[in-house]
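Secondary and tertiary structure notes
One-letter residues, chain by chain:
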Amino acid sequence: MINLLKNILKNQDSSEETENNKDLELLCGLMIEAAYTDGQIDTTELKKIKISLIEIFQEDSKEVELVLNDAIKNKNNSKSLHYYTSYINKNFADDKKLLLIEALWEIVLSDGEVHDFESNLIRRLAGLLYISDVNSGNARKRALDKLSKWYDLRCRWEMYKM
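No experiment lies behind these values; they were computed from the predicted model shown. (Residues numbered from 1 in each chain as written. Predicted model: local features only at pLDDT ≥ 70, side-chain atom pairs only at ≥ 80, totals over all residues. Heavy atoms only, no water.)

Some thoughts on helix α3 (residues 61-73)
This is how the line gets drawn: Numbering of helices and strands runs from the N terminus; a helix is a DSSP stretch of H or I covering at least four residues, while a strand is a stretch of E covering at least two. Every helix has an expected span of 1.5 Å times one less than the residues it contains. When a residue's accessible area, from a 1.4 Å probe over protein chains only, is under 20% of the maximum for its type it is buried; when over 50% it is exposed; and in between it is partly exposed. Arc definition: it is the arc formed by the directions from the helix axis to the C-beta atoms.
The end-to-end C-alpha distance of α3 is 18 Å, a good match for the 18 Å that 13 residues give at a rise of 1.5 Å each. Those residues of α3 that fall on the buried side of the exposure criterion are V64, V67, L68 and A71. End-on view of α3: buried residues confined to an arc of 105°, all on one side of the axis. In α3, the exposed residues that point more than 90 degrees away from the buried face are K62, L66 and K73.

If you want it as C-alpha cells, here you go:
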C-alpha cells in the first residue's frame, strides 16, 4: 500500500515537472518566434528573453539556457500560432497571458526597432489570447517605460565608466 502511494506521488511530481517543462518550451518558442520575426535575433533580444523567463515567469536559469538553445536551433521549424495560443488559453491565467504580451513587447522593442511584422505578430497573438487592444497597448507602454529606464541607466553607467 505504501509503495502504491509512493508511486502515485512520484508520477504526480513527474507529470507536474513535464507540464512546467512544456510551459518553458512553449514560452521559449514563442519568444524566439517574436524575436526572429524581423529575420534576425539580436543578442539584446536573447538577453531579454532569458531575463523575462527567469524573472517574470520564475523559470530555472539552467533549464532556460538548455531550452532556449534548443528553441534557437529549431527556430526555422516553428509551430503555428494556434499551437501556442491553444495551449496558453487552456493553461495560463489572464494575468499571466498579459505578462507574456508585455514580455513579448519588451523583446521586440529591445533592439531599438519595431518592424511591422513584429507588431503584427503581437497584435495577432493578443487577439488569439483574448487580450483586448487596450490591454495590449498598455502592455506595450509598460514595456517601453521599462526599456527607457533600462537604457537610461545603461547610458549613465557608460558615462560613468569614461
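Moving on from the coordinates now.
Concerning the pattern of salt bridges
Condition: Any Lys or Arg side-chain nitrogen found within 4 Å of a carboxyl oxygen on Asp or Glu counts as a salt bridge.
Applying the stated criterion across every chain yields a total of 6 salt bridges. E102 serves as the salt-bridge partner of R142, at 2.8 Å between the closest nitrogen and oxygen. With a gap of 40 residues between them, R142 in helix α7 (residues 133-161) and E102 in helix α5 (residues 94-109) connect regions that are remote in the sequence. In the salt-bridge network here, residues are joined through shared partners; they are K48, E102, E106, R142 and K146.

Let's talk about the side chain of E45
This is how it is decided: Positive charges come from Lys and Arg, negative ones from Asp and Glu, while His and the chain ends are left out of the count. Pairing of N or O atoms within 3.5 Å defines a polar contact, subject to two protein rules: one partner must be a possible hydrogen donor and the other a possible acceptor, and residues neighboring in sequence count only if both atoms are side-chain atoms. Contact criterion: two residues are considered in contact whenever any of their non-hydrogen atoms come within 4.5 Å of each other.
Along the chain, E45 turns up in helix α2 (residues 43-56). At 11 Å, K75 is the nearest oppositely charged side chain to E45, a buried residue that forms no salt bridge. Separated by 2.8 Å, the side chain of E45 and the backbone nitrogen of D42 make a polar contact. In contact with E45, other than residues within four places in its own chain, are A35, D38, Q40, I107, V108, S110, D111 and E118.

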